[in-house]
Amino acid sequence: MKKYLAIAALAGLLSVPSASATEARQSLDAIRTAAEQFVLNRLGSTASGASATAGQLDSRLRLARCEQPLQAFAVAGDRLGGNTSVGVRCPGSWKLYVPVKVEVLLRVLALKRPLERGSILTEADLGHVLVDTRRLAQGYFTSIAAVSGHTVKRSAASGTILTNALIEESAVISRGQRVSLSASGTGIAVQAPGQALADARMGERVRVKNLSSGKVVEGIVRGPGNVEVQ
């Protein structure tokens, strides 16, 4: 009977994982956390709107528990957006690479309704959507005030995100419009009535006919109806 009890006890010991062996393994979750934190630290000031999610690691990995702080490092050719990789190592022991998905979420402007080419943007046309800005290669806008009054360069559907390729500043001077020509020099300032020969936006150059002399001059648009001759 004692012999059978001894065999049963031995079998029980073999069937239960050793607690000390389990404790000697490195936590895979700790490795994933080190990779995620490394990415967020690199993002710096943008991290408040960012998320970094490390991919699952193979559960069959049996890494020795690191007695030192884990070290995360950049991989050659990595990028802080989309899918990337981060190296994590235990100094003097092991090293592996962790896949990480990076998103930088921000509320950007998009159209609330479809607009035709040439439409002038108003506050009623615009709304905010939460998107990953790393995917917006053509840029984006966040302030309604910054784009109100701008012109839509092509027809766009509802939900279209505003980019530099979609909108432009509206003209402040129209072809045929009466404008004020101004010129200044040392101690003198001259003004004359003129007629714009083309549409022009703020800061653009435009040709204007001087209605006093009949000559055509070129100046820079300084405001609605105001052209400065250099």
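The structure contained in this document is the topic of the report that follows. Keep in mind the model is a prediction, meaning the values are calculated, not measured.

Conventions we followed
Residues numbered from 1 in each chain as written. Predicted model: local features only at pLDDT ≥ 70, side-chain atom pairs only at ≥ 80, totals over all residues. Heavy atoms only, no water. Buried < 20%, exposed > 50% of the residue type's maximum accessible area, 1.4 Å probe, protein only. Helix = DSSP H or I, 4+ residues; strand = E, 2+ residues; numbered from the N terminus. Pairing = 2+ DSSP bridges. Disulfide = S-S within 2.5 Å. Salt bridge = Lys/Arg side-chain N within 4 Å of Asp/Glu carboxyl O. Phe/Tyr/Trp six-rings, centres within 6.5 Å; stacked < 30°, edge-to-face > 60°. Lys NZ or Arg CZ within 6 Å of the ring centre and 35° of its normal. Contact = heavy atoms within 4.5 Å. Core = buried A, V, L, I, M, F, W, Y, C linked by side-chain atoms within 4.5 Å.

Residues Val-206, Val-208 and Asn-210 of strand β10 (residues 205–210) are buried on one face, while the alternating residues Arg-205, Arg-207 and Lys-209, pointing to the opposite face, are not. The pairing of strand β9 (residues 188–196) with β10 spans 3 bridges and is antiparallel. Each residue of the ladder has a partner; that of Gly-194, found in β10, is Asn-210. Pairing of β10 with strand β11 (residues 216–223), which is carried by 5 bridges, proceeds in the antiparallel orientation. Looking across to β11, one finds that Arg-207 is bridged to Glu-218.

As a further point, take the state of the cysteines. Here the structure, examined in full by the defined rule, presents 1 disulfide. Bridging Cys-66 to Cys-90, the disulfide has an S-S length of 2.1 Å. Residues Cys-66 and Cys-90 are joined through a disulfide that is right-handed, its torsion about the S-S bond being 85°. Here Cys-90 lies in strand β3 (residues 82–90) and Cys-66 lies in the loop between β1 (50–54) and β2 (71–74), a separation of 24 residues in the sequence. Given the relative accessible area of 6%, Cys-90 is considered buried.

What follows deals with the pattern of salt bridges. One pass over the structure, following the stated rule, counts 7 salt bridges. Three or more residues are tied together by salt bridges with common partners; here these are Glu-168, Arg-201 and Glu-204.

We now examine the packing of aromatic side chains. In the structure shown here, the tally under the stated rule is 1 aromatic pair. Between Phe-73 and Tyr-97, the ring centres sit 6.1 Å apart and the planes meet at 75°, which makes this aromatic pair edge-to-face. With Phe-73 in strand β2 and Tyr-97 in strand β4 (residues 94–111), the pair connects residues that are 24 residues apart, well separated along the chain. On the basis of relative accessible area, Phe-73 is assigned to the buried category, the value being 15%. Residue classification places Tyr-97 among the partly exposed residues on the basis of a relative accessible area of 46%. Its end group placed over the ring of Phe-73, Arg-89 keeps NZ or CZ at 4.3 Å from the ring centre.

Here Leu-121 is to be found in the loop between β4 and β5 (126–132). With 31 residues separating them in the primary sequence, Leu-121 and Val-152 have C-alpha atoms 7.2 Å apart. Look past the residues within four positions of Leu-121 in its chain and what remains in contact with it is Leu-111, Leu-115, Leu-126, Val-147, Ser-148, Gly-149, His-150, Val-152, Leu-162 and Ile-167.

Attention now goes to the nonpolar core. In globular proteins that are soluble, nonpolar side chains generally tend to be buried together. Counting 22 residues, the largest nonpolar core has Ile-31, Val-39, Trp-94, Val-98 and Val-100 as the members making the most contacts within it. Sorting the residues of this core by element identifies α3 (28–43), β1, β3 and β4 as the ones contributing at least two each. With near-sequence residues (within four places) excluded, Val-39 lies in contact with Ala-52, Leu-80, Val-86, Val-100 and Val-102. Counting residues in each nonpolar core, the second largest holds 12 residues, with Leu-111, Val-152, Ala-156 and Ile-167 among its members.

Here we come to the side chain of Ser-182. Topologically, Ser-182 is positioned in strand β8 (residues 178–185). Setting aside residues up to four positions removed in sequence, Ser-182 forms contacts with Val-190, Gln-191, Asn-226, Val-227, Glu-228 and Val-229.

Mapped onto the elements, Ser-51 comes out in strand β1. Given a relative accessible area of 26%, Ser-51 falls into the partly exposed group. Spatially, the C-alpha atom of Ser-51 lies 6.4 Å from that of Val-104, the residues being 53 residues apart in sequence. Other than its neighbours up to four places away in sequence, Ser-51 contacts Leu-40, Lys-101, Val-102 and Glu-103.

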